[in-house]
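Structure assessment
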Amino acid sequence: MTSRIYVACLAAYNNGILHGRWINASRDTEAMQQEVRAVLASSPVPDAEEWAIHDTEDLPNTIGEFSGLEAVASFMELVEDYPWIDLYDLIDIVQEVDGPDEARELLEDRLIGVYDSFRDYADEFADEQLAALGQQDTLAARYFDYEAFARDLRMDLNVIDLKSGRVAIFHA
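Here's a quick rundown of the structure. None of these values were measured; they are calculated from a predicted model.

1. A few points about helix α4 (residues 87–97)
Those residues of α4 that fall on the buried side of the exposure criterion are Leu-87, Asp-89, Leu-90, Ile-91, Asp-92, Ile-93 and Val-94. Residues of α4 that are buried in the fold lie against α3 (69–81), α5 (100–110), β4 (111–115), β5 (157–161) and β6 (167–171). Where α4 begins, one side-chain oxygen reaches toward the backbone nitrogen of Tyr-88, 3.0 Å away; that side chain belongs to Asp-86. Downstream of α4 by a residue or two, Asp-98 has a phi angle that is positive, lying close to 70 degrees.

Written out as structure tokens, the structure reads:
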């Protein structure tokens, strides 16, 4: 999958002409800027200077018409820095917090992990706690209420339900 943006020349657009091109998203804003300059230079309208992002592929919907190339580059840096998080799960996280910069703060400072379900995380956490207490094989552990524990634990954490069915879990 290649994330990309469709950059349109606004001078042409305002004159009823569709002129633009798809540009591969990159963490290098200068490389993308060179392609934007090429779109403007080849415009059918003389002296074209303004452009906008008119479409995206495999990017969060927080990147819009006038977001700028820095927002695109910032998201692509997240993709590179978190390769173990599925692209579409990462898009969901970015959209939940309204942008790649906020998502970076959240991921760096508060991420617990991405799990198949919250219950998977809660059960794993409960087992770790019981083991740390030396209670894993006791009578009390056999009667431990995992479901109630998961319900209560979810209230103490920030959970983003991802469209993939997985969950991203963060410290509150």
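2. Examining the sheet that holds strand β2 (residues 20–24)
Strands sit in the order β2-β1-β3 across an open sheet of 3 strands; the sheet is antiparallel. A single partner strand is all that each edge strand has here, and the edge strands are β2 and β3 (51–57). Strand after strand, the sheet turns through a mean of 30 degrees between neighbouring axes, direction not considered. With 6 bridges connecting them, strand β1 (residues 4–9) and β3 associate as antiparallel partners. Pairing of Arg-4 across the sheet is with Glu-57, part of β3.

3. Side note on the sheet that holds β4
The sheet built from 3 strands is open, its strands ordered β4-β6-β5 with antiparallel pairing. Edge positions in the sheet fall to β4 and β5, since each of these pairs with one other strand and no more. Within this sheet the neighbouring strands show an average axis-to-axis angle of 15 degrees, counted without direction. The sheet contact formed by β5 and β6 spans 5 bridges and is antiparallel.

Conventions used here
- Residues numbered from 1 in each chain as written.
- Predicted model: local features only at pLDDT ≥ 70, side-chain atom pairs only at ≥ 80, totals over all residues.
- Heavy atoms only, no water.
- Buried < 20%, exposed > 50% of the residue type's maximum accessible area, 1.4 Å probe, protein only.
- Helix = DSSP H or I, 4+ residues; strand = E, 2+ residues; numbered from the N terminus.
- Contact = heavy atoms within 4.5 Å.
- Polar contact = N/O pair within 3.5 Å; in protein donor to acceptor, adjacent residues only side chain to side chain.
- Pairing = 2+ DSSP bridges.
- Axes fitted to C-alpha atoms, helices over the stretch in contact; angles between N-to-C directions.

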